[in-house]
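Chain by chain, the residues:
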Amino acid sequence: MNLTLKVWRQKNATSRGHLTTYRVKEISPDMSFLEMLDVLNERLILDGDDPIAFDHDCREGICGMCGLVINGVPHGEQRATTTCQLHMRHFKDGDTIVIEPWRAAPFPVVKDLVVDRSAFDRIIEAGGYVSVPTGSAPDAHAVPVPKASADTAFDAATCIGCGACVAACPNGSASLFTAAKITHLGLLPQGQPERARRARAMVETADELGFGGCTNIGECTAVCPKGIPLATIARMNADYLGLAATGD
Ligand code: FES
């Protein structure tokens with residue numbers, strides 16, 4: 001496949017960015033999107049040019065490091081797929097692809113396609129930790145957990161913190177991320193002692209960091225590579241207001 005790429009290049013956080021056009025040739029449909037960028041970067045390095053900076057680590061859809069806005073959609077148009085697991089067979093020979101970083105004020109651009117997502121770390125820190133003394137690891141079945149709660153908690157825990165939800169939201173809201181983190185502890189017995197305090201602290205920290213509020217648009221869940229549902233935000237709101245009962 002031969003492709004035209006329009007890539008966001010930005011030297012650092014304070015300089016102005018712009019789209020630069022590159023042509024890449026003989027891209028295999030079996031390559032991942034990041035491997036396609038690797039091919040371009042190898043050429044740039046051989047030509048003595050500055051390679052394009054982009055985040056990645058596991059390249060297996062686990063770590064949440066990768067994140068590019070591809071043709072206007074965080075992680076691209078393929079549903080439930082991280083950028084690293086997006087394959088070039090979903091594009092056509094001759095396509096033009098526009099590649100940009102996450103766009104949200106709390107995620108400032110560091111360089112090119114890399115943004116600083118440490119604001120998510122501040123939200124997690126605000127949640128604190130589970131203070132119940134647990135001793136050594138108990139048997140897995142020692143604390144009964146209703147199946148529905150275990151399933152919902154596990155689904156929420158699949159959030160990899162990539163930030164696509166923020167990038168997609170017109171409000172730049174971190175509600176889906178925050179709700180997922182609140183939910184995966186809030187539905188389990190071990191998460192009850194700090195449940196209300198945790199929800200308040202995390203929601204208020206997200207507000208202070210400049211993330212917007214949720215107005216039920218749903219772009220977040222549409223681009224979430226793990227398919228975290230919008231109902232997770234309703235659960236967070238109930239926890240924030242102190243309305244939720246154990247196992248809700
Ligand atoms: S590089 Fe780890 S999720 Fe994509």
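Residues numbered from 1 in each chain as written. Predicted model: local features only at pLDDT ≥ 70, side-chain atom pairs only at ≥ 80, totals over all residues. Heavy atoms only, no water.

Here's the deal with unusual backbone geometry
Now for step 1: Here the phi dihedral of Glu-26 falls at roughly 55°; this positive angle occurs in a residue that is not glycine.
Now for step 2: Considering the arrangement of structural elements, one finds Glu-26 in the loop between strand S2 (18-24) and helix H1 (33-46).
Now for step 3: Accessibility expressed as a relative area gives 70% for Glu-26, which makes it exposed.
Now for step 4: For Arg-59, which is not a glycine, the phi torsion comes out positive at approximately 55°.
Now for step 5: Mapping Arg-59 onto the fold places it in the loop between H1 and strand S3 (69-70).
Now for step 6: Arg-59 gets classed as partly exposed once you look at its relative accessible area, which sits at 25%. (Helix = DSSP H or I, 4+ residues; strand = E, 2+ residues; numbered from the N terminus. Buried < 20%, exposed > 50% of the residue type's maximum accessible area, 1.4 Å probe, protein only.)

Re the domain arrangement of the protein
Now for step 1: Parsing the protein into structural domains produces domain 1 (3-111) and domain 2 (117-132 + 142-240).
Now for step 2: Of note, the centres of domain 1 and domain 2, computed from C-alpha atoms alone, are 27 Å apart.
Now for step 3: The interface is formed by 19 residues belonging to domain 1 together with 19 residues belonging to domain 2.
Now for step 4: On the domain 1 side of the interface with domain 2, the three residues burying the most area are Pro-74, Pro-106 and Phe-107, jointly 37% of the side's total.
Now for step 5: At the junction of domain 1 and domain 2, the tally comes to 1 salt bridge.
Now for step 6: Where domain 1 meets domain 2, there are 5 residue pairs in polar contact (both at pLDDT 80 or more).
Now for step 7: Here the residues of the side of domain 1 that touches domain 2 are counted per class, giving 11 nonpolar, 5 polar and 3 charged. (Domains from an automatic or database assignment. Contact = heavy atoms within 4.5 Å. Buried area = accessible area lost by both parts, 1.4 Å probe. Salt bridge = Lys/Arg side-chain N within 4 Å of Asp/Glu carboxyl O. Polar contact = N/O pair within 3.5 Å; in protein donor to acceptor, adjacent residues only side chain to side chain. Nonpolar A, V, L, I, M, F, W, Y, C, P; charged D, E, K, R; others polar.)

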